[in-house]
Each structure stands twice: as C-alpha cells, then as structure tokens.
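Letter by letter, the chains look like this.
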Amino acid sequence: MQIPNTKFIFVTGGVTSSLGKGIISASLGKLLQARGYKVTIQKFDPYINIDPGTMNPYEHGECYVTDDGAETDLDLGHYERFLNQPTSQSNNITTGRVYNEVISKERKGDYLGKTVQVIPHITDEIKRNIYSLGKTGNYDIVITEIGGCVGDIESLPYVEAIRQARWELGTGNSLVIHLTLIPYLKAAKELKTKPTQNSVKTLLEYGVQPNILVCRTEHHLPIEIRQKISRFCNVSLQSVIESIDAETIYDVPLLMRKEKLDEIVLEGLSLSVENEPKLEQWKQFLGKLKNPTTEVKIALVGKYVELPDAYKSIIEALTHARAVNECKIRIEWVQAESLFSHSEDNLGQFFEDVSGIIVAPGFGERGIEGKIKAAAYARERKIPFLGICLGMQCAVISFARDVLGLTGANSTEIDSSTSHPIISLMEEQEDITQLGGTMRLGAYPCKLKKSSKAFSIYEKQSISERHRHRYEFNNTYLEDFEKKGMMASGINPEKNLVEIVELKNHPFYIGVQFHPELKSTVENPHPLFSSFIAASILAKG
Ligand code: GLN
C-alpha cells in the first residue's frame, strides 16, 4: 500500500461513549489550523449500516449531509462548524461501507484464489480509507476519530488498522490520542484513575500505545493524579491533558490550548510550533456569545424534542446567530403532536412569550398536523417564522388550506390520495424503491428573486444550499400562491423547483426546502438564522 506524506492523528475513546471525541478532534483540528496547518478530520463508525441515513434520530441523533450528498454522522457537523471548511463522503466511513467494498471486490474477483479475512482485507480497506484523504495532497494533517469505545467487539478491526498504520507510517508521523474519563466519587471525595488505566491496558493488549491521554473530568486534575496516570499508562506527564466540563463546546479549543495539546501534538509529529495560533475571530465570537445584551424565546416545533441531538445543527446555527445578535436564546421545545388536539385559540399556551417559531425538518406522518398548525399560528399572528424542509412544506400546506381554500391540501408523503397534492414527488423519484441514499441529497444551486426578503438576507442572487428530502413543491399551484401573497423567492435554476417561499405581508415568514443549518459555522454564521433572530428580537419589542 502506498503511504502518503501526511501526518496522522488517531483519536480513540475509552471507559464510556459520549465523552466528546468529536469536540476534542474538532478543537485540536481548529488549533492546528489556526497555526497555519491544513487539517481535515474523518470519522469511522463501527456500525454495520452503510450510513446513518436509514437510522431513526432516536438511534443516532441528526443525520448530517455534506455538499457531495453523503449522509453522515453528526460529528462531521462539528468538524465543519469548527474548521469552517466542507467535509465529504471520505470523512465518514462505516463498517457497512468497508465490508460492502471488500465484498464487491471479492465478487469481482480482485482477491481471486485467496481467503478473504478481517486481517488483512478488512484492515487494508480501513487503512486505504485512512490514507485516502492524505493522498489528496490537500492536507498536512489528517485526524481520524474512531467511534465507540476501545474494547467493543465492533471497533477491534479499526484499532488493529491503527496499529498497522502506525507501523507503516514510521516514527514521528502519527500519534494516538486516547480520550478517557476520570470519574469523581462524591462519597470518597476522590478522582479515580482505574478506569483509565484499564482502558489503556486494553489498547496495549491490541498493540497500541497511546501518546496522549485527554481526560474528561468534572474537577481539575491535581498533579498527583496526573502523575499517577502518567506512571501507569506510559505517557509523559505533560501528555496527560485535562479536559474539564466547559460552559459551551466552543470553549474547548481554548481549554485545549491552555493545556498545550496543540504543542504536544506538533512536537510528537516533528512539526514546527513556531506560529502561534490565530484565534482572534474565535475569541470575538465567544466574547459576544457570553455577553448578551438582550434575550429572546424561540419555539422549536419538532417531533424529537426530547432528544436535542436530533436537531444538533439547528441548535448550533442558533448559537452562531446568538453571537451575531449578541443575545441569549431560550429555546421552547414544542412537541408537534401535542398541538394537534388544540384549537387555534388554544395554541397560545405553547407559544407564551415566544418571539419566533421554527418548524423543524422531519419524515412521516407523526406530528405533521401540529406542525401545520404552528405554521398557521405564526402566519396569522405575524410571529417571525422559519420553516426548514418539512417545516417549509407545512407552511405551504397551511397556506393552501387556509388562504387558498384548498380543503384537504397535503403532501403526498402523508396522504397519497389527497385532492390537492401541494407537495408531491418529482417524476424521477416516483419509481425509486430503495430507501438508502436515494433522496435529493447534497448541495444544489438556488437563484433568488431580487425583490425578495431572501435576497436582502443573502445579499446575493446565486446561493448553494444542502438538501435532504424526497418531496417538492408542486408547481401547478405556484401561480395561485403568488397571487395570494406567498412568493417563491428561491428557485432551483436547473429543475425550476421552489426552494424558498416567503410571505409578503409579514415581518419574517420564510420556508426553505433545504437545510441552512448545515452550513452555519462559527466563522461564517448563516444569514437566514441571524436575520430570523434579528427579526425575533424586533418582534419582541
Ligand atoms: N419528509 C419530507 C421529504 O422527504 C421532508 C424531509 C425533511 O424535512 N428533511 O420531502
């Protein structure tokens, strides 16, 4: 296998999942990038699905979509938000994808005569994916995050691939960072290192010695604890890094800087530490985020409201908009289903003090009538409204029913025999039977009408936004909508699809068929979210 000239950092996790490997990887990536290095981050997920596109958000949280239409893990969202650069399919590999590739090579006869095995065939395929981003020549450093925990049966081939890769790459060209947990026992008033020792031992059994331990903790690590970890785990004292709970995920790069994680990494990779990291813009963002001058309450109407990870990118886009507007946002989670049984007049209880309403994306029937009601409520009460994907479709359906008088108007996703299919399938989608990866996915161009609010928000005519849906606005109804004041302000130029709708006589009523939340970053907050929050602040008075 040809070995690229890039430096590689592997991030593994121990003790428990959900320690924030994604945030640590993104924070380290940010620090290295801020020193002038070209960095990318990839995630390996040990599950068997080809991608998380077919998983329920309860299983997996949000499915993050890249420009090239890959349905990926939500950690890629963190990578993009921190590094302010796009990722692609190569940044997210799953066991399903690895096996799929190996099995199709086997069928083609690529391994003719051989027994196909985990080692070397599966591990070779994993290594091929590790090296492939390095081989592009676009990066000085590739960070590879391994999902799950060391010791899990399903992550074994990945740890083995790391062991082999480290050997192939040679000294000074790769590092392993192991993220672990130092629990605090309240009764004993003690921080405990044993789980970390055990987890490092497991890694050692597989032949991988971590170079750096990042220790998640709720309390500062005293020197004696660091010494103990260092002694038991063959890691230098300075490479025992404290990762204390932070107020926001955006504090983590600065906390890691304080612990000198970036310097230790660069020294370990024989790279220069000369350039100090340029983090002015990042610090400005944090300053604004932490010093709000006003506050607004925003209702988020969805069906997975018990699980904020299902709406991760929306929440982060709102965080970016918070900083732009120097305001605090209180999110009122509204379960779409709970709106259903209430009459229009009774909806006020769900939207008390609410200055803006977001109707979230989604699939299937559950909660949709509630979302349609929320869209109508915002329209009639002139409350700033942002409808995202299914949220836009609900805004359109409610307008058709209430303003155009099209009783029973619906999306054919919900009611295939509706007499007014306001939202329906494009012809090319009609014969599709497979569910995985067959939606309208990834970045598509959109042209804005100059007279629209959308144009004044984006301040340009041609934009590109990411999609993940199957159903579309049905253009046969467009003229009726426009006559009555709902304008199609953004159109896909190739297929003439309606991508944005907005109301004329309303302070802010915008529905978008795409997912603007996927493109909001710390250094490039999304204008739709910033202006929606600005309008909500205004509405609050
Ligand atoms: N279910 C709708 C569709 O497939 C909307 C999808 C979404 O909100 N992401 O068109």
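The coordinates are above.
Below is a short write-up of the structure. (Residues numbered from 1 in each chain as written. Predicted model: local features only at pLDDT ≥ 70, side-chain atom pairs only at ≥ 80, totals over all residues. Heavy atoms only, no water.)

Take the site of the ligand next. Around the ligand sit P361, G362, F363, C389, L390, Q393, E413, R468, H469, R470, Y471 and H515, and those are all the residues in its vicinity. A distance of 2.9 Å separates an oxygen atom of the ligand from a polar atom in the backbone of G362. Alone, the ligand offers 300 Å² of accessible surface; in the complex the protein occludes 99% of this. Most atoms of the ligand, that is more than half of them, are within 2 Å of grid points of the second largest pocket. Counting only elements with at least two residues in the shell around the ligand, the list comes to α15 (390-402) and β19 (462-469). (Near = heavy atom within 4 Å. Polar contact = N/O pair within 3.5 Å; in protein donor to acceptor, adjacent residues only side chain to side chain. Areas by Shrake-Rupley, 256 points an atom, 1.4 Å probe, with all protein chains shown as cover. 1 Å grid on protein atoms, 1.4 Å probe; cavity = no way out; pocket = protein on both sides within 12 Å on 5 of 7 lines; lining within 4 Å. Sits in = over half its atoms within 2 Å of the grid points. Helix = DSSP H or I, 4+ residues; strand = E, 2+ residues; numbered from the N terminus.)

With respect to the secondary-structure elements, A360 resides in the loop between β14 (356-359) and α14 (368-380). The class of A360 is buried, set by a relative accessible area of 0%. If we ignore the near neighbours within four places in the chain, the residues touching A360 are L300, V301, G302, Y311, K371, I388, L390 and G391. (Buried < 20%, exposed > 50% of the residue type's maximum accessible area, 1.4 Å probe, protein only. Contact = heavy atoms within 4.5 Å.)

The gaps of empty space that remain are located by a probe, the size of a water molecule, rolled over the atoms. All told, the structure shown has two cavities of 30 Å³ or more when counted by the stated rule. In terms of lining residues, the largest cavity is bounded by V39, T40, I41, Y79, L83, Q85, P86 and T87. Residue assignment for the lining of the largest cavity shows that the elements contributing at least two residues are β2 (39-45) and α3 (75-83). If one sorts the elements of the lining of the largest cavity by residue count, β2 sits on top with three residues. By volume, the second largest cavity amounts to about 30 Å³. Contributing to the lining of the second largest cavity are T12, G13, I146, G147, G148, C149, V150, S155 and V159. Across the lining of the second largest cavity, the residue classes break down as four nonpolar, five polar and no charged. (Points joined across faces, edges and corners; volume = space filled by probe spheres on them. Nonpolar A, V, L, I, M, F, W, Y, C, P; charged D, E, K, R; others polar.)

This part takes up the pattern of salt bridges. This model, assessed by the stated rule, comprises 36 salt bridges. Here K43 and D45 are joined by a salt bridge, their closest N and O atoms 3.4 Å apart. For K43, a relative accessible area of 7% translates into the label buried. The shortest N-O distance in the salt bridge between D251 and K290 comes to 2.6 Å. On the criterion of sequence distance, the pair formed by D251 in the loop between β11 (240-244) and α9 (252-258) and K290 in helix α11 (residues 280-290) is long-range, its members being 39 residues apart. Exposure remark for D251: the relative accessible area of 11% places this residue in the buried category. Connected through shared salt-bridge partners, R35, R257, D262, E263 and E276 make up one network. (Salt bridge = Lys/Arg side-chain N within 4 Å of Asp/Glu carboxyl O.)

For the rest of this paragraph, the subject is the packing of helix α4 (residues 95-108) against helix α5 (residues 118-135). Across the interface, α4 lies against α5 with an axial gap of 10 Å and an inter-helix angle of 120°. In this view, α4 runs oblique relative to α5, as classed from their interaxial angle. Seen along the crossing, α4 lies across α5 with a hand that is right-handed. Where α4 approaches α5, its residues V98, Y99, E101, V102 and K105 are matched on the opposing element by V118, H121, I122, E125, I126 and R128. Looking at side-chain class alone, the contact of α4 with α5 contains six nonpolar, one polar and four charged residues. (Axes fitted to C-alpha atoms, helices over the stretch in contact; angles between N-to-C directions. Parallel < 35°, antiparallel > 145°, perpendicular 65-115°, else oblique. Left-handed = near helix turned anticlockwise from the far one by under 90°.)

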